[in-house]
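Coordinates in review
Take a look at the letters that make up each chain.
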Amino acid sequence: MPQDPQTDLDLRVHLAAPPDKVWRALTEPALLEQWFAPKPVVTRDVVLELWPGGSFKTTMDVPGHGTVHGHGCVLEVVPNHRLVWTDLMQGGYRPNSGGLGFTALVTLSPDATGTVYHARAMHRTADQCAQHQAMGFHDGWGKAAQQLDELAGQL
């Protein structure tokens, strides 16, 4: 899927852990809570229903900003390879009024020394994309990917 530079933010990093371990850390709620947001943010109360239409809920305690609740909808699940979700809908394909207004496409590709982790955040508008970028998309999602790799390497 080609990137739209006006509305998409991309992060592509190499992880030392193999795709099956990265997948576990990406999709098991107790593991996802350990890496999903850059520390010192705490992610808790994760619900991740791994089927199209399933709920993806998180609660994040953000120092200095309070508690942020997220409720999205899973769109696609290809075990050990791809997870797609959106905050434009809640579970059950119900419209969602909150969130940043994006769809996340995470792809895991094996390579000789681990996994290529590719995360793309696709936004409705260029303004929403710019807002997400200004919030620190690359630093935040990059740090979270490092935390993901550290955790997956321990599994």
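Throughout what follows, the structure given in this document is the object of discussion.

**Concerning the nonpolar core**
Ranked by internal contacts, the top residues of the largest apolar core, which has 37 residues, are Trp35, Phe56, Tyr117 and Trp141. The leading source of residues in this core is helix H4 (residues 137-154), at 7 residues. In this structure tryptophan 141 touches Leu11, Phe102, Ala104, Ala119, Ala121, His132 and Gly136, once residues within four positions along its chain are discounted.

**Considerations on the pairing of strand E2 (residues 42-48)**
Strand direction decides the pairing type here: E2 and strand E3 (residues 55-62), joined by 5 bridges, are antiparallel. Pairing of valine 42 across the sheet is with aspartate 61, part of E3. Between E2 and E3, which pair antiparallel and follow one another directly, the connecting turn spans 6 residues, one of which, glycine 53, has a positive phi of 95 degrees.

**Re the sheet that holds E2**
Pairing within the open sheet is antiparallel, and its 7 strands lie in the order E1-E9-E8-E5-E4-E3-E2. Each of the sheet's edge strands pairs with one partner strand only, and the pair in question is strand E1 (8-15) and E2. Direction aside, neighbouring strands of the sheet carry axes that sit 20 degrees apart on average. The strands touched by H4 within the sheet are E1, strand E8 (102-111) and strand E9 (114-123), with E1 carrying the most contacts at an inclination of about 30 degrees.

**As for the environment of histidine 138**
Among the secondary structure elements, histidine 138 is positioned in helix H4. For histidine 138, a relative accessible area of 35% translates into the label partly exposed. Here the alpha-carbon distance between histidine 138 and arginine 12, two residues 126 residues apart in the chain, equals 9.9 Å. Apart from the residues lying within four places of it in its own chain, the contact partners of histidine 138 are Leu9, Asp10, Leu11 and Gln133. For histidine 138, the side chain forms a polar contact with the main-chain oxygen of aspartate 10, separated by 3.0 Å.

Calculation notes
- Residues numbered from 1 in each chain as written.
- Predicted model: local features only at pLDDT ≥ 70, side-chain atom pairs only at ≥ 80, totals over all residues.
- Heavy atoms only, no water.
- Core = buried A, V, L, I, M, F, W, Y, C linked by side-chain atoms within 4.5 Å.
- Buried < 20%, exposed > 50% of the residue type's maximum accessible area, 1.4 Å probe, protein only.
- Helix = DSSP H or I, 4+ residues; strand = E, 2+ residues; numbered from the N terminus.
- Contact = heavy atoms within 4.5 Å.
- Pairing = 2+ DSSP bridges.
- Axes fitted to C-alpha atoms, helices over the stretch in contact; angles between N-to-C directions.
- Polar contact = N/O pair within 3.5 Å; in protein donor to acceptor, adjacent residues only side chain to side chain.

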